[in-house]
Amino acid sequence: MENHNNHWPYILAVILVIALVVVTMTKLDGTQARTISSSGTAYNNVDPDEVEIGYTIETKAAKAADAQAQNAEISKQVREALIKAGVQDKDIETNYFNVYPEYSYEKYTNKPIFLDYRVTHSIKIKSKDLLNSGKLLDVLVNSGVNNIDYVQFGLSDAKQLQVKQDLIAEAAKNAREKADAMAAGTGSKITGVFSVNEQGFDYPPIRYAMADKAMASSAGVVNTEISPRQIEVSTNVNVVYTIM
(Lines give C-alpha, C1' and ligand atoms only; values in the text may rest on other atoms or scores of the structure.)
Protein backbone atom coordinates (compact mmCIF):
# COMPACT_ATOMS: atom_id res chain seq x y z
CA MET A 1 0.00 0.00 0.00
CA GLU A 2 1.43 3.37 -1.01
CA ASN A 3 2.55 5.60 1.84
CA HIS A 4 1.10 9.10 1.19
CA ASN A 5 3.39 10.59 3.85
CA ASN A 6 6.31 10.10 1.46
CA HIS A 7 4.85 12.89 -0.76
CA TRP A 8 5.04 15.60 1.89
CA PRO A 9 8.72 16.50 1.36
CA TYR A 10 8.02 17.13 -2.32
CA ILE A 11 4.89 19.17 -1.57
CA LEU A 12 6.77 21.31 0.96
CA ALA A 13 9.57 21.86 -1.52
CA VAL A 14 7.12 23.08 -4.16
CA ILE A 15 5.49 25.46 -1.66
CA LEU A 16 8.89 26.89 -0.69
CA VAL A 17 9.85 27.44 -4.33
CA ILE A 18 6.56 29.25 -5.04
CA ALA A 19 7.04 31.45 -1.97
CA LEU A 20 10.55 32.38 -3.05
CA VAL A 21 9.31 33.30 -6.54
CA VAL A 22 6.57 35.53 -5.14
CA VAL A 23 8.99 37.34 -2.83
CA THR A 24 11.53 37.74 -5.61
CA MET A 25 8.93 39.13 -8.02
CA THR A 26 7.64 41.49 -5.41
CA LYS A 27 11.14 42.84 -4.79
CA LEU A 28 11.81 43.24 -8.50
CA ASP A 29 8.44 44.91 -9.17
CA GLY A 30 9.45 48.50 -8.30
CA THR A 31 9.19 48.24 -4.53
CA GLN A 32 12.61 49.83 -4.01
CA ALA A 33 10.86 53.20 -3.76
CA ARG A 34 9.69 53.94 -0.22
CA THR A 35 6.29 55.64 -0.17
CA ILE A 36 3.58 56.90 2.14
CA SER A 37 -0.04 57.48 1.23
CA SER A 38 -2.21 60.35 2.43
CA SER A 39 -5.79 61.37 1.76
CA GLY A 40 -7.05 64.93 1.76
CA THR A 41 -10.55 66.39 2.03
CA ALA A 42 -11.95 69.83 1.31
CA TYR A 43 -15.40 71.31 1.92
CA ASN A 44 -17.07 74.57 1.01
CA ASN A 45 -20.48 76.22 0.98
CA VAL A 46 -21.19 78.04 -2.28
CA ASP A 47 -24.04 80.12 -3.60
CA PRO A 48 -26.03 78.53 -6.44
CA ASP A 49 -26.01 80.42 -9.72
CA GLU A 50 -28.70 78.50 -11.61
CA VAL A 51 -32.31 77.50 -11.01
CA GLU A 52 -34.14 74.68 -12.76
CA ILE A 53 -37.92 74.36 -12.62
CA GLY A 54 -39.79 71.27 -13.74
CA TYR A 55 -43.49 71.51 -14.64
CA THR A 56 -46.20 69.44 -16.28
CA ILE A 57 -49.02 70.33 -18.66
CA GLU A 58 -51.86 67.78 -18.72
CA THR A 59 -54.93 67.78 -20.95
CA LYS A 60 -57.80 65.35 -21.51
CA ALA A 61 -60.26 64.82 -24.37
CA ALA A 62 -62.40 62.10 -25.93
CA LYS A 63 -60.09 62.12 -28.95
CA ALA A 64 -56.32 61.90 -28.74
CA ALA A 65 -55.89 64.58 -31.40
CA ASP A 66 -58.03 67.02 -29.42
CA ALA A 67 -56.08 66.38 -26.21
CA GLN A 68 -52.81 66.92 -28.09
CA ALA A 69 -54.06 70.13 -29.68
CA GLN A 70 -55.14 71.54 -26.31
CA ASN A 71 -51.78 70.60 -24.80
CA ALA A 72 -49.88 72.19 -27.67
CA GLU A 73 -51.85 75.42 -27.30
CA ILE A 74 -51.15 75.66 -23.56
CA SER A 75 -47.49 74.77 -24.09
CA LYS A 76 -47.21 77.56 -26.63
CA GLN A 77 -48.71 80.21 -24.38
CA VAL A 78 -46.56 79.06 -21.44
CA ARG A 79 -43.42 79.29 -23.58
CA GLU A 80 -44.35 82.78 -24.77
CA ALA A 81 -45.00 83.91 -21.19
CA LEU A 82 -41.65 82.51 -20.03
CA ILE A 83 -39.73 84.20 -22.82
CA LYS A 84 -41.50 87.46 -21.99
CA ALA A 85 -40.41 86.98 -18.36
CA GLY A 86 -36.76 86.70 -19.45
CA VAL A 87 -36.20 82.96 -19.97
CA GLN A 88 -34.25 82.13 -23.12
CA ASP A 89 -35.90 79.83 -25.64
CA LYS A 90 -32.92 77.44 -25.60
CA ASP A 91 -33.39 76.97 -21.84
CA ILE A 92 -36.88 75.47 -22.24
CA GLU A 93 -36.66 71.71 -22.80
CA THR A 94 -39.08 68.79 -22.92
CA ASN A 95 -38.43 65.96 -20.45
CA TYR A 96 -41.05 63.62 -21.87
CA PHE A 97 -44.33 63.60 -23.77
CA ASN A 98 -47.00 60.90 -23.34
CA VAL A 99 -50.39 60.18 -24.90
CA TYR A 100 -52.44 57.34 -23.44
CA PRO A 101 -56.08 56.28 -22.96
CA GLU A 102 -57.66 56.20 -19.52
CA TYR A 103 -60.17 53.59 -18.39
CA SER A 104 -62.37 52.79 -15.46
CA TYR A 105 -63.38 49.23 -14.67
CA GLU A 106 -66.77 47.68 -13.90
CA LYS A 107 -67.10 46.56 -10.33
CA TYR A 108 -67.88 42.88 -10.84
CA THR A 109 -66.72 42.02 -14.36
CA ASN A 110 -63.63 44.25 -14.35
CA LYS A 111 -64.56 45.17 -17.90
CA PRO A 112 -62.66 48.28 -19.08
CA ILE A 113 -64.69 51.37 -19.89
CA PHE A 114 -62.97 54.04 -21.95
CA LEU A 115 -62.96 57.49 -20.35
CA ASP A 116 -60.70 59.78 -22.36
CA TYR A 117 -57.20 60.36 -23.67
CA ARG A 118 -54.68 62.03 -21.41
CA VAL A 119 -51.70 63.97 -22.76
CA THR A 120 -48.84 64.67 -20.37
CA HIS A 121 -46.07 67.08 -21.35
CA SER A 122 -43.23 67.38 -18.84
CA ILE A 123 -40.92 70.37 -19.35
CA LYS A 124 -37.99 71.95 -17.53
CA ILE A 125 -36.55 75.43 -17.69
CA LYS A 126 -33.25 76.89 -16.52
CA SER A 127 -32.51 80.45 -15.52
CA LYS A 128 -29.65 82.46 -14.05
CA ASP A 129 -32.11 84.90 -12.48
CA LEU A 130 -32.42 83.28 -9.06
CA LEU A 131 -34.03 86.31 -7.43
CA ASN A 132 -37.02 86.01 -9.77
CA SER A 133 -37.49 82.24 -9.45
CA GLY A 134 -40.70 82.80 -7.48
CA LYS A 135 -41.96 85.09 -10.23
CA LEU A 136 -41.33 82.34 -12.79
CA LEU A 137 -43.50 79.97 -10.76
CA ASP A 138 -46.34 82.47 -10.86
CA VAL A 139 -45.86 82.94 -14.61
CA LEU A 140 -46.11 79.18 -15.15
CA VAL A 141 -49.27 78.74 -13.14
CA ASN A 142 -50.98 81.84 -14.51
CA SER A 143 -50.31 80.74 -18.08
CA GLY A 144 -51.94 77.33 -17.70
CA VAL A 145 -49.50 74.87 -16.10
CA ASN A 146 -51.22 72.12 -14.09
CA ASN A 147 -48.36 71.08 -11.83
CA ILE A 148 -45.06 72.50 -10.69
CA ASP A 149 -43.02 69.35 -10.11
CA TYR A 150 -39.89 70.78 -8.51
CA VAL A 151 -37.61 73.77 -8.10
CA GLN A 152 -33.90 72.98 -8.03
CA PHE A 153 -31.02 75.31 -7.24
CA GLY A 154 -27.60 74.28 -8.45
CA LEU A 155 -24.34 75.24 -10.09
CA SER A 156 -23.85 75.97 -13.76
CA ASP A 157 -21.26 73.85 -15.58
CA ALA A 158 -18.76 76.71 -15.53
CA LYS A 159 -19.13 77.41 -11.79
CA GLN A 160 -19.14 73.69 -10.97
CA LEU A 161 -15.80 73.28 -12.77
CA GLN A 162 -14.25 76.25 -10.97
CA VAL A 163 -15.49 75.12 -7.56
CA LYS A 164 -14.22 71.59 -8.21
CA GLN A 165 -10.75 72.81 -9.19
CA ASP A 166 -10.50 75.01 -6.10
CA LEU A 167 -11.56 72.13 -3.84
CA ILE A 168 -9.09 69.70 -5.40
CA ALA A 169 -6.28 72.19 -4.70
CA GLU A 170 -7.42 72.52 -1.08
CA ALA A 171 -7.75 68.75 -0.67
CA ALA A 172 -4.25 68.20 -2.10
CA LYS A 173 -2.89 70.76 0.37
CA ASN A 174 -4.66 68.92 3.20
CA ALA A 175 -3.15 65.62 2.05
CA ARG A 176 0.35 67.15 2.04
CA GLU A 177 -0.06 68.49 5.58
CA LYS A 178 -0.99 65.00 6.79
CA ALA A 179 1.88 63.44 4.85
CA ASP A 180 4.38 65.91 6.34
CA ALA A 181 3.17 64.99 9.83
CA MET A 182 3.48 61.25 9.10
CA ALA A 183 6.93 61.69 7.60
CA ALA A 184 8.14 63.75 10.57
CA GLY A 185 6.72 61.20 12.99
CA THR A 186 8.58 58.35 11.29
CA GLY A 187 11.85 60.18 10.77
CA SER A 188 11.38 60.34 7.01
CA LYS A 189 11.48 63.09 4.44
CA ILE A 190 9.16 63.57 1.47
CA THR A 191 11.10 63.65 -1.79
CA GLY A 192 8.34 63.77 -4.41
CA VAL A 193 4.88 62.74 -5.57
CA PHE A 194 4.45 59.19 -6.86
CA SER A 195 0.75 59.39 -7.82
CA VAL A 196 -2.37 61.50 -7.29
CA ASN A 197 -5.98 60.34 -7.59
CA GLU A 198 -9.21 62.27 -7.20
CA GLN A 199 -11.64 60.20 -5.15
CA GLY A 200 -14.85 62.02 -6.02
CA PHE A 201 -16.69 65.33 -6.10
CA ASP A 202 -19.83 65.49 -3.99
CA TYR A 203 -22.29 68.09 -5.25
CA PRO A 204 -25.96 67.66 -4.23
CA PRO A 205 -28.25 70.32 -5.79
CA ILE A 206 -31.01 71.67 -3.56
CA ARG A 207 -34.42 70.51 -4.75
CA TYR A 208 -37.83 71.56 -3.43
CA ALA A 209 -40.92 69.53 -4.23
CA MET A 210 -43.67 71.85 -5.48
CA ALA A 211 -46.47 69.47 -6.49
CA ASP A 212 -49.21 71.55 -4.84
CA LYS A 213 -48.10 74.92 -6.17
CA ALA A 214 -50.56 75.04 -9.07
CA MET A 215 -53.52 74.22 -6.84
CA ALA A 216 -52.48 76.81 -4.26
CA SER A 217 -52.05 79.51 -6.87
CA SER A 218 -55.48 78.86 -8.35
CA ALA A 219 -56.87 79.47 -4.88
CA GLY A 220 -55.39 82.95 -4.85
CA VAL A 221 -51.82 82.53 -3.60
CA VAL A 222 -49.56 84.78 -5.68
CA ASN A 223 -46.18 86.53 -5.52
CA THR A 224 -44.27 83.42 -4.59
CA GLU A 225 -40.92 84.01 -2.92
CA ILE A 226 -38.13 81.43 -2.75
CA SER A 227 -34.76 82.09 -1.11
CA PRO A 228 -32.12 79.55 -2.12
CA ARG A 229 -29.64 78.41 0.51
CA GLN A 230 -25.99 77.63 -0.07
CA ILE A 231 -24.86 74.27 -1.42
CA GLU A 232 -22.29 72.19 0.44
CA VAL A 233 -19.69 70.70 -1.91
CA SER A 234 -16.74 68.47 -1.11
CA THR A 235 -14.00 66.42 -2.71
CA ASN A 236 -11.33 63.90 -1.73
CA VAL A 237 -7.92 63.13 -3.15
CA ASN A 238 -5.41 60.41 -2.44
CA VAL A 239 -1.71 61.18 -2.86
CA VAL A 240 1.22 58.75 -2.71
CA TYR A 241 4.54 60.42 -1.85
CA THR A 242 8.06 59.08 -2.17
CA ILE A 243 10.18 59.35 0.96
CA MET A 244 13.72 58.83 2.09
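Residues numbered from 1 in each chain as written. Predicted model: local features only at pLDDT ≥ 70, side-chain atom pairs only at ≥ 80, totals over all residues. Heavy atoms only, no water.

## Concerning the sheet that holds strand β1 (residues 35-46)
Working step 1: Strand order in the open sheet made by the 3 strands is β1-β8-β6, with antiparallel pairing throughout. In this open sheet, the two edge strands, each paired with only one partner strand, are β1 and β6 (190-202). Ignoring strand direction, the axes of neighbouring strands in this sheet form an average angle of 20°.
Working step 2: In this sheet, strand β8 (residues 231-243) lies alongside β1 in antiparallel orientation, the contact comprising 12 bridges. Bridging from a neighbouring strand, V46 pairs with I231 of β8. (Pairing = 2+ DSSP bridges. Helix = DSSP H or I, 4+ residues; strand = E, 2+ residues; numbered from the N terminus. Axes fitted to C-alpha atoms, helices over the stretch in contact; angles between N-to-C directions.)

## Focus on the pattern of salt bridges
Working step 1: If you walk through the whole model with that rule in mind, you get 8 salt bridges.
Working step 2: We note a salt bridge from E50 to K128, for which the minimum N-O separation is 3.2 Å. One end of the pair, E50, is in strand β2 (residues 50-61); the other, K128, is in the loop between β4 (112-127) and α3 (133-142), with 78 residues separating them in the sequence.
Working step 3: D89 is the salt-bridge partner of R79, the closest N and O atoms lying 2.7 Å from each other. With a gap of 10 residues between them, R79 in helix α2 (residues 64-84) and D89 in the loop between α2 and β3 (92-105) connect regions that are remote in the sequence.
Working step 4: You can call R79 partly exposed: its relative accessible area is 30%. (Salt bridge = Lys/Arg side-chain N within 4 Å of Asp/Glu carboxyl O. Buried < 20%, exposed > 50% of the residue type's maximum accessible area, 1.4 Å probe, protein only.)

## Some words on unusual backbone geometry
Working step 1: At N110, a residue that is not glycine, the phi angle is positive and equals roughly 60°.
Working step 2: Judged by relative accessible area, which is 52%, N110 ranks as exposed.

## A word on the nonpolar core
Working step 1: If you look at the biggest cluster of nonpolar residues, it comprises 23 residues, and the most contacted ones within it are I53, Y55, V78, L82, L140, I148 and V151.
Working step 2: If you list the elements that add at least two residues to this core, you get β2, α2, β4, α3 and β5 (147-154).
Working step 3: The dominant element in this core, judged by the number of residues it contributes, is α3, at 5 residues.
Working step 4: Non-local contacts of V78, meaning those with residues more than four positions away in its chain, are made with Y55, I57, L140, S143 and V145.
Working step 5: Counting residues in hydrophobic clusters, the runner-up holds 19 residues, among them A171, A175, A183 and V239. (Core = buried A, V, L, I, M, F, W, Y, C linked by side-chain atoms within 4.5 Å. Contact = heavy atoms within 4.5 Å.)

## Looking at the packing of aromatic side chains
Working step 1: Inspection of every chain in the model, using the stated rule, returns 4 aromatic pairs.
Working step 2: Here the aromatic rings of Y103 and F114 are separated by 6.0 Å at their centres, their planes lie at 75°, and the arrangement is edge-to-face. With Y103 in strand β3 and F114 in strand β4, this pair connects stretches of sequence that are 11 residues apart.
Working step 3: We classify Y103 as partly exposed; its relative accessible area is 40%.
Working step 4: Through a chain of ring-to-ring contacts, three or more aromatic side chains come together here, namely Y103, F114 and Y117.
Working step 5: Above the plane of the ring of Y150 lies R207, whose end atom (NZ or CZ) is 3.8 Å from the centre. (Phe/Tyr/Trp six-rings, centres within 6.5 Å; stacked < 30°, edge-to-face > 60°. Lys NZ or Arg CZ within 6 Å of the ring centre and 35° of its normal.)

## Side note on the sheet that holds strand β7 (residues 206-209)
Working step 1: The strand order across the open sheet formed by 5 strands is β3-β4-β2-β5-β7, and the pairing between neighbours is antiparallel. Across the chains shown, the open sheet's two edge strands, defined by having one partner strand only, are β3 and β7. When the angles between neighbouring strand axes are averaged without regard to direction, this sheet yields 15°.
Working step 2: As defined by bridge partners, β5 adjoins β7 across 4 bridges and the pair is classed as antiparallel. Across the sheet, Y150 pairs through a bridge with A209, a residue of β7.
Working step 3: Here α2 sits on the sheet and contacts β2, β3 and β4; the angle it forms with β2, its principal contact strand, is near 150°.

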